[in-house]
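What follows is the residue order along each chain.
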Amino acid sequence: MKAADYRNMTEADLKEQIREQQASLAKLKFNHKVAGTENPMIIRSKRREIARMITVLNDKTKTSK
């Protein structure tokens, strides 16, 4: 998803998505350490997606104050 898609979401939805994606990233990292993954770039893209969501969430909280 793009940042514009995340901006349309509510803060609660964003927080829930961040939690889900972080759990997914942890699972990917663990599986990569144990058995290796076919495409390790997935880990990088997942990490960047989480950062994008956190950035949008921070922007929303700053503007709501």
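Residues numbered from 1 in each chain as written. Predicted model: local features only at pLDDT ≥ 70, side-chain atom pairs only at ≥ 80, totals over all residues. Heavy atoms only, no water.

(A) Representation of the overall build of the protein chain in the model. A count of helical and extended segments in the protein chain gives 3 helices and 0 strands. In terms of overall dimensions, the protein chain is more spread out than a globule: its C-alpha atoms have a radius of gyration of 14 Å, far above the 11 Å expected for 65 residues. In terms of overall dimensions, the protein chain has C-alpha extents of about 45 × 15 × 15 Å along its principal axes. Residues classed as buried in the protein chain amount to 23% of the 65 residues present. The long-range fraction of contacts in the protein chain, counting pairs at least 24 apart against all pairs at least 6 apart in sequence, stands at 72%. Across the protein chain, 15 positive and 8 negative side-chain charges occur, with their mean positions spaced 8 Å apart. (Helix = DSSP H or I, 4+ residues; strand = E, 2+ residues; numbered from the N terminus. Rg over C-alpha atoms; globule rule 2.2 N^0.38 Å. Buried < 20%, exposed > 50% of the residue type's maximum accessible area, 1.4 Å probe, protein only. Contact = heavy atoms within 4.5 Å. Lys, Arg positive; Asp, Glu negative; His and termini not counted. Charge placed at Lys NZ, Arg CZ, Asp CG, Glu CD.)

(B) Up close: helix 2 (residues 11–34). Over its 24 residues, helix 2 extends 35 Å from the first C-alpha to the last, a length consistent with the 34 Å expected when each residue adds 1.5 Å. Within helix 2, burial applies to Leu 14, Gln 17, Ile 18, Gln 21 and Leu 25. Looking at the packing, one finds that the buried side of helix 2 touches helix 1 (3–7) and helix 3 (41–64). Downstream of helix 2 by one or two residues, Gly 36 has phi in the positive range, about 80°. (Expected span 1.5 Å × (residues − 1).)

(C) Geometry of the pattern of salt bridges. Across all of its chains, the model carries 1 salt bridge by this definition. We note a salt bridge from Arg 19 to Glu 16, for which the minimum N-O separation is 3.2 Å. Separated by 3 residues within a single helix, Arg 19 and Glu 16 lie in helix 2, roughly one turn from each other. On the basis of relative accessibility, which here comes to 37%, the residue Glu 16 falls in the partly exposed class. (Salt bridge = Lys/Arg side-chain N within 4 Å of Asp/Glu carboxyl O.)

(D) Structural detail: the environment of Glu 20. Turning to its location among the elements, Glu 20 is positioned in helix 2. With relative accessibility at 40%, the residue Glu 20 sits in the partly exposed group. Taking the C-alpha atoms as reference points, Glu 20 and Ile 50, separated by 30 residues in sequence, lie 9.7 Å from one another.

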